[in-house]
Amino acid sequence: MEIPVQPIEKSYKKNLEQAIFAVTLLAIVGSLLSRWFNFDYGWFSIISIIIYIGLAYLIGAKENLKTTLWSIIKLGLYDSIIGLLLPLWLEAHFDGFEKKIYEYGIVGWLFIIILQISFSILLGLIGYVLAIRKKNNKSSSVT
């Protein structure tokens, strides 16, 4: 009897899933805290930036630039849709332009998606460069 071959799980997919979970958790917890304590939800973008750079760093340490950027773009797309819908639905406190752009309908959403993906690519490049530098420092110290 033949044993079925299990597909090899790519580690970057697991990292991406964890980052999506972290962004979702951040949106929920951040929205609730923002509403309860009446401060701007935008402050949680600092944590979001750390998630993006961290994901790019983890993937960039093992994968190429293309895989890293595609993962970051997927996270940016998810964050631009779900990461804004959850705070709006949970009535987070917005001082910034997010709520005004949402009121523009589909044009506003497209603007948010394009802006978020562009920003995520920038953060992904930062994380990737950090991973490559660390990899190069390790290899140069060994020789």
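Residues numbered from 1 in each chain as written. Predicted model: local features only at pLDDT ≥ 70, side-chain atom pairs only at ≥ 80, totals over all residues. Heavy atoms only, no water.

Asker: Would you mind showing me how to read helix α1 (residues 11-37) here?
Answerer: The periodicity of an α-helix, 3.6 residues per turn, causes residues three or four places apart in sequence to face the same way. Here α1 contains 27 residues, and its C-alpha end-to-end distance of 38 Å stays within 8% of the 39 Å for a straight helix at 1.5 Å per residue. Within α1, burial applies to Y12, N15, L16, A19, V23, T24, L26, A27, G30, S31 and S34. Its buried side turned inward, α1 meets α2 (45-60) and α3 (65-89). Once α1 finishes, N38 follows within two positions and takes phi at roughly 55°, a positive value. (Helix = DSSP H or I, 4+ residues; strand = E, 2+ residues; numbered from the N terminus. Expected span 1.5 Å × (residues − 1). Buried < 20%, exposed > 50% of the residue type's maximum accessible area, 1.4 Å probe, protein only. Contact = heavy atoms within 4.5 Å.)

Asker: When you look at a nonpolar patch on the surface in this model, what are you seeing that I'm missing?
Answerer: Together, F21, L25, I28 and V29 give the surface a local cluster of nonpolar side chains, amounting to about 350 Å² of exposed area. With a relative accessible area of 42%, L25 lands in the partly exposed category. (Patch = residues over 30% accessible without salt bridge, like charges linked within 9 Å, V, L, I, M, F, W, Y side chains within 5 Å. Areas by Shrake-Rupley, 256 points an atom, 1.4 Å probe, with all protein chains shown as cover. Salt bridge = Lys/Arg side-chain N within 4 Å of Asp/Glu carboxyl O.)

Asker: Explain the environment of Q116 to me, please; I cannot follow it from the model alone.
Answerer: Positionally, Q116 belongs in helix α5 (residues 106-142). Assessed through its relative accessible area of 19%, Q116 is described here as buried. For the pair Q116 and I73, spaced 43 residues apart in the sequence, the C-alpha separation amounts to 8.8 Å. Once residues within four sequence positions are removed from consideration, Q116 is found in contact with Y52, G76, D79 and S80. Of note is the side chain of Q116, whose polar atom sits 2.8 Å from the side chain of Y52. (Polar contact = N/O pair within 3.5 Å; in protein donor to acceptor, adjacent residues only side chain to side chain.)

Asker: Got a minute to help me understand the environment of G127 in this structure?
Answerer: Residue position: G127 is located in helix α5. Taking the C-alpha atoms as reference points, G127 and L58, 69 residues apart in sequence, are found 8.1 Å from one another. Setting aside residues up to four positions removed in sequence, G127 forms contacts with I53, A56 and Y57.

Asker: How should I be thinking about the nonpolar core in this particular structure?
Answerer: Looking at soluble globular proteins, one finds that nonpolar side chains tend to be buried together. Counting residues in each nonpolar core, the largest one holds 23 residues, and the members touching the most others are Y41, I51, L55, L75, L84 and F94. At the level of elements, α1, α2, α3 and α5 are the ones that each hand at least two residues to this core. In terms of residue count, α1 provides more of this core than any other element does, six residues in total. Each residue touching I51, except ones within four places of it in the same chain, is listed here: A19, A22, V23, L26 and L75. (Core = buried A, V, L, I, M, F, W, Y, C linked by side-chain atoms within 4.5 Å.)

Asker: Help me understand α3 in this model?
Answerer: Over its 25 residues, α3 runs 35 Å from end to end, which matches the ideal 36 Å to within 8%, given 1.5 Å per residue. Approximately 35° is the largest bend angle found in α3, and it occurs at D79. The first or second residue beyond α3 is E91, which carries a positive phi of 60°. (Bend = angle between axes of the 7 residues up to and from the residue.)

Asker: Any chance you could explain the environment of S11 here in plain terms?
Answerer: Secondary-structure assignment places S11 in helix α1. Since its relative accessible area comes to 32%, S11 is described here as partly exposed. On a C-alpha basis, the gap between S11 and L58 in space is 9.4 Å, while along the polypeptide they are 47 residues apart.

From the geometry alone we can't say anything about function, so treat these as descriptive.
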